[in-house]
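Survey of secondary and tertiary structure
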Amino acid sequence: MTSHKDLKAMKRYGNIIDAIIEQGNMSASFDDVLGDLKNESRKAFLRERKQLIIDRLAAAIRDGSFRITHVHEMVVTDGPKRRVVQAPPVIQRIGCHAIMRVVDQYCYKSIIPTSAASIKGRGMHYLHKIVCDDLRLHPEDTAYFYKCDIHKFYESIDQDIMFECVCRYIKDKTLLPILENFVRIMPSGLAIGLRSSQCFGNILLDQLDHFMKEVVKVRYYYRYCDDIVMLSGSKKQLWLWRDILLDQLAILKLTVKDNEVVRPVSDGLDFLGYVHFGTHSLVRKRTKKKFARHMAKVKSRKRRIALMGAFKGMAAHGDCNHLYETITARKMKKFSEMGVTYTPADGKKRFPGKMMRLGAIVNKTIEVHDYESGIKTSQGEDRYVVSFFDPATKEWGKFFTASEEMKNILDQISDIEDGFPFETTIISEVFDGNKIKYKFS
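Residues numbered from 1 in each chain as written. Predicted model: local features only at pLDDT ≥ 70, side-chain atom pairs only at ≥ 80, totals over all residues. Heavy atoms only, no water.

Turning our eyes to something else, we now look at empty space enclosed by the protein. For the structure shown, the criterion picks out one cavity of 30 Å³ or more. Computed from the structure, the largest cavity encloses a volume of approximately 40 Å³. Lining the largest cavity, in full, are Ala 117, Ser 118, Phe 153, Tyr 154, Gln 198, Gly 201, Asn 202, Arg 223 and Cys 225. Looking at the lining of the largest cavity, the element that brings in the most residues is helix 10 (residues 195-215), giving three residues. When its residues are assigned to classes, the lining of the largest cavity shows four nonpolar, four polar and one charged. (1 Å grid on protein atoms, 1.4 Å probe; cavity = no way out; pocket = protein on both sides within 12 Å on 5 of 7 lines; lining within 4 Å. Points joined across faces, edges and corners; volume = space filled by probe spheres on them. Helix = DSSP H or I, 4+ residues; strand = E, 2+ residues; numbered from the N terminus. Nonpolar A, V, L, I, M, F, W, Y, C, P; charged D, E, K, R; others polar.)

Another point: the sheet that holds strand 9 (residues 274-276). The pairing of strands in a sheet happens through backbone hydrogen bonds and is either parallel or antiparallel. Reading across from one edge, 8-9-10 is the order of the three strands in this open sheet, with antiparallel pairing throughout. Single-partner strands in this sheet number two, and they are strand 8 (269-271) and strand 10 (281-283). Strand-to-strand twist in this sheet, taken as the mean axis angle between neighbours without regard to direction, amounts to 30°. Of the strands in this sheet, strand 8, strand 9 and strand 10 are in contact with helix 6 (residues 124-137), which crosses strand 9 at around 15°. (Pairing = 2+ DSSP bridges. Axes fitted to C-alpha atoms, helices over the stretch in contact; angles between N-to-C directions. Contact = heavy atoms within 4.5 Å.)

What follows deals with the side chain of Arg 223. Mapped onto the elements of the fold, Arg 223 is located in strand 5 (residues 220-224). Of the polar contacts made by the side chain of Arg 223, one reaches the side chain of Asp 209; its length is 2.9 Å. Beyond its immediate chain neighbours, meaning those up to four positions away, Arg 223 contacts Thr 114, Ser 115, Ala 116, Leu 127, Asn 202, Leu 205, Asp 206, Asp 209 and Ile 228. (Polar contact = N/O pair within 3.5 Å; in protein donor to acceptor, adjacent residues only side chain to side chain.)

The residue Phe 389 is located in strand 13 (residues 380-390) in this model. Using a relative accessible area of 18% as the deciding quantity, one classes Phe 389 as buried. Sequence separation between Phe 389 and Thr 365 is 24 residues; the distance between their C-alpha atoms is 9.3 Å. When neighbours within four sequence positions are excluded, Phe 389 is seen to be in contact with Ile 366, Glu 367, His 369, Lys 394, Glu 395 and Trp 396. (Buried < 20%, exposed > 50% of the residue type's maximum accessible area, 1.4 Å probe, protein only.)

The subject of this paragraph is the packing of helix 2 (residues 23-35) against helix 3 (residues 40-48). Their axes nearest at 11 Å, the elements helix 2 and helix 3 cross at an angle of 170°. In terms of their interaxial angle, helix 2 and helix 3 are classed as roughly antiparallel. Seen from above, helix 2 lies across helix 3 with right-handed handedness. Facing Phe 30, Leu 34 and Gly 35 of helix 2, the residues of helix 3 in contact are Lys 43, Leu 46 and Arg 47. Here the residues of the contact of helix 2 with helix 3 sort into three nonpolar, one polar and two charged. (Parallel < 35°, antiparallel > 145°, perpendicular 65-115°, else oblique. Left-handed = near helix turned anticlockwise from the far one by under 90°.)

A word on helix 9 (residues 176-183). Of all eight residues in helix 9, six are buried; the element is thus mostly enclosed. For helix 9, the full list of buried residues reads Leu 176, Ile 178, Leu 179, Asn 181, Phe 182 and Val 183. Close packing links the buried residues of helix 9 with helix 4 (50-62), helix 5 (90-107), helix 8 (159-167) and helix 10.

With that settled, the discussion passes to the nonpolar core. Counting 78 residues, the largest nonpolar core has Ile 99, Met 162, Leu 175, Leu 179, Phe 182 and Phe 200 as its most contacted members. Beyond its immediate chain neighbours, meaning those up to four positions away, Leu 175 contacts Ile 16, Ile 17, Ile 20, Ile 99, Val 103 and Ile 170. By size, the runner-up hydrophobic cluster in this structure holds 19 residues, among which are Met 356, Val 386, Ile 413 and Ile 426. (Core = buried A, V, L, I, M, F, W, Y, C linked by side-chain atoms within 4.5 Å.)

So, about the sheet that holds strand 16 (residues 435-440). Spatial strand order, 11-14-13-12-15-16: six strands in an open sheet with mixed pairing. The open sheet is flanked by strand 11 (354-355) and strand 16, the only strands paired with a single partner. Here strand 15 (residues 422-431) pairs with strand 16 via six bridges, running antiparallel. Residue pairing for strand 16: Phe 431 is matched across the bridge by Lys 435. Strands strand 12 (365-377), strand 13, strand 14 (395-401), strand 15 and strand 16 of the sheet are contacted by helix 15 (residues 404-414), whose axis makes an angle of about 10° with strand 16.

A probe as big as a water molecule, rolled over the atoms, marks out the empty space that is left. Taken as a whole, the second largest pocket spans an internal volume of roughly 1500 Å³. In terms of lining, the second largest pocket is formed by 43 residues, of which the most central are Arg 101, Gln 105, Lys 120, Lys 364 and Thr 393. Looking at the lining of the second largest pocket, the elements with two or more residues in it are helix 1 (17-21), helix 2, helix 5, helix 10, strand 11, strand 13 and strand 14. A per-element tally of the lining of the second largest pocket places helix 5 first, with six residues. For the lining of the second largest pocket, the class distribution of residues is 16 nonpolar, twelve polar and 15 charged.

Below, the discussion takes up the packing of helix 4 against helix 5. To characterise two packed helices, one gives the angle between the axes of the helices and the distance between these axes. Running from N to C, helix 4 and helix 5 cross one another at 60°; their axes reach a closest spacing of 10 Å. Judged by the angle between their axes, helix 4 and helix 5 are oblique. The two elements helix 4 and helix 5 cross, and the hand of that crossing is right-handed. Contacts between helix 4 and helix 5 involve Ile 53, Leu 57 and Ile 61 from the first element and Ile 91, Ile 94, Gly 95 and Ile 99 from the second. Looking at the contact of helix 4 with helix 5 residue by residue, the class counts come to six nonpolar, one polar and no charged.

Using the criterion set out here, one finds 21 salt bridges in the structure. The residue Asp 243 makes a salt bridge to Arg 242 at a minimum N-O spacing of 2.9 Å. Overall, Asp 243 belongs to the partly exposed group, its relative accessible area being 37%. On the basis of relative accessibility, which here comes to 19%, the residue Arg 242 falls in the buried class. (Salt bridge = Lys/Arg side-chain N within 4 Å of Asp/Glu carboxyl O.)

Purely spatial values, then, with no claim about function.
Here it is in structure tokens:
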């Protein structure tokens, strides 16, 4: 029988250690990990030693000696579920984060568009919109659904199969032993909570995704982490696909839970936090009940506003205006109906997206769309803020630059008709021993 192992091999990447230990990537990883710490005194202690920690981690990654030596377990609550997760010491967590920030970029190039979870720019609402559009635009072809989720996914992953899968993407001889350490840190399965496990789980099931889409030709196929949904106009077809899916999972030594179902979409497809009915989608019953209970108990006005904002975000992506008004006694207004615009007092342009460090987008192809000059920041005056779009993640971003070279180039391009937007790759160069400058290429 044809299997996902018969698919065309992925491109394998090597020589990526330099991108991992680049100062911008290491610094951003340090900040990301510390941002999740609750202990303020611990954060302050580590920040004082930031450069020393980064240098030591970079040296260990460069020579291939970096390892996660141990993990500690903790219990976390995820909705109605209680999970035991594993986390390494903070400094080792920073090293793992720095490695996977770069590895993700290479591994996720192959991920199918209808797969999401733990992928930048592909969250719950990203996939929710795709499912809603397919249900509304193709009702006859999506009248029935098959839904399953994998039994104890991370705990059940075979480490030999997992590392073999990693080797299909990465060939860097210095990096591979480090990644193998991430795979084998637990006696069996993958460590839940380790930064690398999210990526590894995705690329393991990506083989299955490609097989079901490209070989079996399942047009309406969606995966969010280990939850899988297939849509069809025929129940019989779904049962046939289900058997193939289970055979392919068996090759990976994985099984599905006994709650798998084939049902009409009109009965309600519970997926991605919503129940989909084809023509509309509603927030899960347990989500709205939990919100209503919290609203009834909370006395603090500030806390009530925070709760309403969070629920409004969920309701806005479903057909839940009436529900929101019923629970909160407030009408959900559309911004487009309010006629409100903003004109900055200083006359400066405001750009969408989050502010990025230049080091975080080194060697990435981006589209530069606009810029604003004469910006004063805590780092100095007369800086430029540059607006860009990342075609890979479909996200907007911006960065500050004080580089006279970059500023001069931007000014020249602004004088060229149709100069913006333009495509470029930010590169870094080391000068004067250990200083770094960034430029367009």
